[in-house]
Amino acid sequence: MSLCTPSFSEVFSGVIWKIIADSEHGMVYVETRDGEKRKVFFHGIDLAAKKIRWADLSVLDPWWSSLKAADKGNVLLVGFNEPDMPEQRGFAVIDGKSGKLKWGKTDAQVMHTEPDFIIITKDQDENNYLKVDWNTGAVLKEVSLKELFTNFNKKKSTEETAVLYPFHFDEENSFFIKIQQYIEILTHHKAIRMIEYLEKGDKVLISYYIYEGEKMTNFILVADENGTVLVHDKLKEGVSGIGMDTFFVMNNELVVVKNNNEMCAYVIK
């Protein structure tokens, strides 16, 4: 039983495929897919205001496009070729608050993103790298291959790490047993195979699996330093495989996906 209830919840008609966050603006962006209709849609959610800013946006290819990155109030979407050639082809930059298209290119690939710029290459010249402005697409400078790899190896900024993802511990890791025992004390569940674990302030956040028959069930658990259970919810049942990054924390919001189609947020201070 949870003491905390979701501060935000939204059920989508399609399967939630991907979620990315812009912590500076308190926004999360959701990619949903309808496999039968072969449609992909994008949605912008303002967690600070607890409202959907825009929804059901279709950009680039109706199926072969995906969320790539979000920063400084912008969202980057990329397109792909057919599955027999799954390379990136074209991209679009969307205003994160309004969902309106700012600019894009159909003949370029995104190689790297930073808060102030994007590095792209033209399809016809994969050795010609350009640093362009996020907001306008204006070319800032040409980039050498050495500079490109230097950007790849940069450490994440403090702003980027404001979005926290859990550590993963499998059964071979010595910490697995300790966390498993902790889960069993609080929930009477025997966690199996892999545990995701994160600490925030005096709270611990854990995603774990248990066997129920021949399948598995995934739970999210949040407890404080006194062992008081604040959140204990079932994320999905009838699971055959283990998922990775089943939750993240942006600012003071825990974000999870339930049953593949519901995004929930809990305030974790």
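Before reading on, note that the structure itself is shown above.
Residues numbered from 1 in each chain as written. Predicted model: local features only at pLDDT ≥ 70, side-chain atom pairs only at ≥ 80, totals over all residues. Heavy atoms only, no water.

Hey, could you run me through the pairing of strand 17 (residues 203-212) in this one?
The side chains of a regular strand alternate, residue by residue, between the two faces of the sheet. With respect to burial, strand 17 is a largely interior element, eight of its ten residues being buried. With six bridges connecting them, strand 16 (residues 192-200) and strand 17 associate as antiparallel partners. Considered in strand 17, the bridge of E196 is made with S207. Where strand 17 and strand 18 (residues 215-224) come together, ten bridges link them in antiparallel fashion. Across the sheet, L205 pairs through a bridge with V222, a residue of strand 18. Following strand 17, the chain reverses through two residues before pairing antiparallel with strand 18; G213 in that reversal takes a positive phi of roughly 70°. (Buried < 20%, exposed > 50% of the residue type's maximum accessible area, 1.4 Å probe, protein only. Helix = DSSP H or I, 4+ residues; strand = E, 2+ residues; numbered from the N terminus. Pairing = 2+ DSSP bridges.)

I'm lost on the packing of aromatic side chains in this one. Help?
The way to describe two aromatic rings as a pair is by their centre distance and the angle between their planes. Overall, the coordinates contain seven aromatic pairs when judged by the stated rule. Their ring planes at 75° and their centres at 6.4 Å tell us that W63 and W64 sit as a pair that is edge-to-face. For W64, a relative accessible area of 23% corresponds to the partly exposed category. Arranged with centres 5.7 Å apart and planes meeting at 50°, the rings of F169 and F175 form a pair that is tilted. Overall, the relative accessible area of 45% leaves F175 in the partly exposed class. Pairwise contacts between aromatic rings join F169, F175 and Y197 into one cluster. Directly above the aromatic system of W63 lies the positively charged group of R33, at a separation of 4.9 Å from the ring centroid. (Phe/Tyr/Trp six-rings, centres within 6.5 Å; stacked < 30°, edge-to-face > 60°. Lys NZ or Arg CZ within 6 Å of the ring centre and 35° of its normal.)

Before we go on, may I ask you to explain the sheet that holds strand 8 (residues 88-95) in this structure?
Pairing is antiparallel across the open sheet formed by four strands, whose spatial order is 6-7-8-9. The open sheet is flanked by strand 6 (65-71) and strand 9 (101-105), the only strands paired with a single partner. For this sheet, the mean angle separating the axes of adjacent strands, direction not counted, is 20°. With six bridges connecting them, strand 7 (residues 74-80) and strand 8 associate as antiparallel partners. Opposite V78, over in strand 8, you have F91 as the bridge partner. (Axes fitted to C-alpha atoms, helices over the stretch in contact; angles between N-to-C directions.)

Help me understand the sheet that holds strand 15 (residues 167-170), please; the structure alone is not making it clear to me.
The strands making up a sheet associate through backbone hydrogen bonding, with each pair oriented either parallel or antiparallel. Ordered by their spatial adjacency, five strands build an open sheet running 15-16-17-18-19, and the pairing between neighbours is antiparallel. This sheet does not close on itself; its edge strands, each paired only once, are strand 15 and strand 19 (229-239). Taking the axes of each pair of neighbouring strands and ignoring which way they run, one obtains an average angle of 20° across the sheet. Against the sheet, helix 2 (residues 174-187) touches strand 15, strand 16, strand 17, strand 18 and strand 19, its axis set at about 80° to strand 16. (Contact = heavy atoms within 4.5 Å.)

Explain the environment of N128 here, please?
Turning to its location among the elements, N128 is positioned in strand 12 (residues 125-133). Here the alpha-carbon distance between N128 and W17, two residues 111 residues apart in the chain, equals 32 Å. Not counting the four nearest positions on each side in its chain, N128 is found in contact with I120, T121, K122 and E142.

How should I be thinking about unusual backbone geometry in this particular structure?
Glycine aside, a negative phi is what most residues show, and trans is what most peptide bonds show. Of note in the backbone geometry, R38 takes a positive phi value of approximately 50° without being a glycine. Relative to the helices and strands, R38 is located in the loop between strand 3 (27-34) and strand 4 (39-46). For K72, which is not a glycine, the phi torsion comes out positive at approximately 50°. By the secondary structure assignment, K72 is in the loop between strand 6 and strand 7.

Hey, could you run me through the pairing of strand 8 in this one?
With six of eight residues buried, strand 8 lies mostly within the body of the structure. Summarising the sheet, strand 8 and strand 9 pair through four bridges and their orientation is antiparallel. Following the sheet pairing, V93 is matched in strand 9 by W103. Following strand 8, the chain reverses through five residues before pairing antiparallel with strand 9; G99 in that reversal takes a positive phi of roughly 80°.

Help me understand the state of the cysteines, please; the structure alone is not making it clear to me.
Note on terminology: disulfide describes a covalent bond linking the sulfur atoms of two cysteines. Counted under the stated rule, the structure contains zero disulfides. Free of any disulfide, C4 has its nearest neighbouring cysteine sulfur in C264, separated by 13 Å. Classification of C264 by relative accessible area gives buried; the value is 0%. (Disulfide = S-S within 2.5 Å.)

How should I be thinking about helix 2 in this particular structure?
The periodicity of an α-helix, 3.6 residues per turn, causes residues three or four positions apart to be oriented the same way. Helix length check: helix 2 (14 residues) gives 21 Å between terminal C-alpha atoms against 20 Å at 1.5 Å per residue, within 8%. If you check which residues of helix 2 are buried, you get F176, I179, Q180, I183 and T187. What you see down the axis of helix 2 is that its buried residues fit within an arc of 110°, all on one side. Exposed positions of helix 2 whose direction lies more than 90 degrees from the buried face are S174, K178 and I185. In this structure, the buried side of helix 2 is in contact with strand 15, strand 16, strand 17, strand 18 and strand 19. Measuring from the side-chain oxygen of the N-cap residue of helix 2 to the backbone nitrogen of F175 gives 2.8 Å; that N-cap residue is N173. The first or second residue beyond helix 2 is H188, which carries a positive phi of 65°. (Expected span 1.5 Å × (residues − 1). Arc of directions from axis to C-beta. Polar contact = N/O pair within 3.5 Å; in protein donor to acceptor, adjacent residues only side chain to side chain.)

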